[in-house]
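Survey of secondary and tertiary structure
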Amino acid sequence: LIGVATAAAGASATSVSVRLTGAAKRLFGRMTAAGTQLNSQDSSATAYADTLSIPAGSLRSGDLLIIRALIKVDDNNSTNTLANSLRLGGVTVGTQAAHDVDDGDGIYLEAECFFQTAGASGEFHSRCIAHVQDDSPDTTVVFDQALDTTAALTVDLVATWSAGHADNKSTVKGLTWEIVR
């Protein structure tokens, strides 16, 4: 069941109001293949190869977009730190501050983006919480971000290591987006 059609007494047969129920209120996308390891040889911000796309025109005024990412630190050099940023259409919606990570650490980012308006002059506000294994969470809040929702939007992640080294490796293990109406 994706919806319930209702019509008021005496209503025209040419239009019917449909109230969406259950899964029909949610659009989603998820990473379905194994992530690609990012081996950072320098300290500049480097995008992970794993991305998702939100189809053009999918976001509406009043929508809540939830983005979740799970990253594994495969290897790190000594006390090098790692920071990750979560982006939507090239706009940073959340950042995990630099942490001295250990081999095998998990990093989880979850952003909620509230769409005030949609369209070519869309605007959203976001809150992101990032957890690095065994450390206190980082929170990022962003207000009044402009975003053209008429175009397809890429969801991606960017890693920044404090120093370049062959041992600095991390992999995106999970990446999802979900629109709640």
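In what follows, the structure referred to is the one given above.
Residues numbered from 1 in each chain as written. Predicted model: local features only at pLDDT ≥ 70, side-chain atom pairs only at ≥ 80, totals over all residues. Heavy atoms only, no water.

1. Some remarks on the overall build of the protein chain
Just so we agree on the cut-off: Helix and strand labels come from DSSP, where a helix needs a run of H or I of at least four residues and a strand needs a run of E of at least two; each type is numbered from the N terminus. Burial here depends on accessible area, computed with a 1.4 Å probe over protein chains only, as a share of the maximum for the residue type. Under 20% is buried, over 50% is exposed, and the range in between is partly exposed. In this description, contact between two residues means that some pair of their heavy atoms is separated by no more than 4.5 Å. Reported accessibility uses the Shrake-Rupley method at a 1.4 Å probe radius. Residues are deemed covered only where the shown protein chains occlude them.
Helix and strand counts for the protein chain come out as zero helices and 14 strands. Secondary structure elements of the protein chain occur, N-terminal to C-terminal, as β-β-β-β-β-β-β-β-β-β-β-β-β-β. Within the protein chain, the fraction of its 181 residues that count as buried is 38%. Expressed as a percentage of contacts within the protein chain between residues at least 6 apart in sequence, the contacts between residues at least 24 apart total 70%. A total of about 9,000 Å² of accessible surface is found on the protein chain, and carbon and sulfur atoms cover 51% of it.

2. So, the pairing of strand 10 (residues 106-117)
Spelled out, the test is: Pairing between strands is defined by DSSP: at least two bridges between them are needed.
Sheet analysis places strand 7 (residues 64-75) next to strand 10, joined by nine bridges and oriented antiparallel. Bridging from a neighbouring strand, Leu-65 pairs with Cys-113 of strand 10. Note that strand 10 and strand 11 (residues 122-132) share 10 bridges and pair antiparallel. Considered in strand 11, the bridge of Glu-110 is made with Ile-129. Hairpin connection, strand 10 to strand 11: the antiparallel pair is bridged by four residues, and Gly-119 has positive phi, about 110°.

3. Looking at the pattern of salt bridges
Going by this rule: One speaks of a salt bridge when a side-chain nitrogen belonging to Lys or Arg is within 4 Å of a carboxyl oxygen belonging to Asp or Glu.
Taken as a whole, this structure holds five salt bridges when the rule is applied. Salt-bridge contacts for Arg-181 lead to Asp-63; the nearest nitrogen and oxygen are separated by 3.0 Å. With Arg-181 in the segment after strand 14 (169-180) and Asp-63 in the loop between strand 6 (52-54) and strand 7, the pair connects residues that are 118 residues apart, well separated along the chain. Of the residues examined, Arg-181 reaches a relative accessible area of 31% and is grouped as partly exposed.

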